[in-house]
Amino acid sequence: MPSPHIALIYARAENGCIGKHGKIPWHLPADFAHFKRTTMGKPILMGRKTYEDHKTRLPGRLNVVITRSRDYQPVNGVRVCHSLEDAIDLAHRQTGSDVVFIIGGTLFFNAALPMASHVYETVVHADIEGDAFLKAYDFSNWKTETLFEHPTDERHAHAFTVYHHCRRPNSSFIEV
């Protein structure tokens, strides 16, 4: 069975904020719908802190929590691994999926980015106060497509843009 593509999916504010007190610091229903549409049917891998943001199994996907704690007990139906590599292997073996999604947090985004072939990035057009930040990366060597832009409206306090970055052969990423 060929190795899966590694894909990251995240939302970040223009100042790099991705979280505050263990939660997503904005409510953007259209971005949540994009996340669900994009990851449905594919395995999703996350760190313990990301999992504890919602403490539930996201339906229609194999959910894998990565933690160093050997006795960690998530809700029924959520698998536990103790390294990113083990989680990728488990997800691929269990599902045979051609794509494995990394959905958080910062530690796992940074660890997985060098092996990622796809990045789904939502940029929230605001500077948001928070305590978890993800540095912007230079995707100029990648093929970038704007999937959609969403303005502010009665359900969305912030405008945002969703990008799909696809790694070109022999390309890398550069921290900005």
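A brief report on the enclosed structure follows. The structure presented is a predicted model; accordingly, all values stated were derived computationally and were not measured. (Residues numbered from 1 in each chain as written. Predicted model: local features only at pLDDT ≥ 70, side-chain atom pairs only at ≥ 80, totals over all residues. Heavy atoms only, no water.)

**Examining unusual backbone geometry**
Part 1 of the argument: Residues G104 and G105 are joined by a peptide bond in cis, for which omega reads -5 degrees.
Part 2 of the argument: Within the element layout of this structure, G105 appears in the loop between β6 (99-104) and α4 (106-112).
Part 3 of the argument: A positive phi angle, near 55 degrees, is found at H21, a position not held by glycine.
Part 4 of the argument: With respect to the helices and strands, the residue H21 is situated in the loop between β2 (17-19) and α1 (29-39).
Part 5 of the argument: Of the residues examined, H21 reaches a relative accessible area of 65% and is grouped as exposed.
Part 6 of the argument: A positive phi angle is found at K55, which is not glycine, with a value near 45 degrees. (Helix = DSSP H or I, 4+ residues; strand = E, 2+ residues; numbered from the N terminus. Buried < 20%, exposed > 50% of the residue type's maximum accessible area, 1.4 Å probe, protein only.)

**Focus on helix α3 (residues 84-95)**
Part 1 of the argument: An ideal rise of 1.5 Å per residue puts 16 Å on 12 residues; α3 measures up with 16 Å between its terminal C-alpha atoms.
Part 2 of the argument: Among the residues making up α3, those that are buried are L84, A87, I88, L90, A91 and H92.
Part 3 of the argument: Buried residues along α3 sit in contact with β1 (5-13), β3 (44-47), β4 (63-66), β5 (78-81), β6 and α4.
Part 4 of the argument: At the C-terminal side of α3, G96 shows a positive phi close to 70 degrees. (Expected span 1.5 Å × (residues − 1). Contact = heavy atoms within 4.5 Å.)

Purely spatial values, then, with no claim about function.
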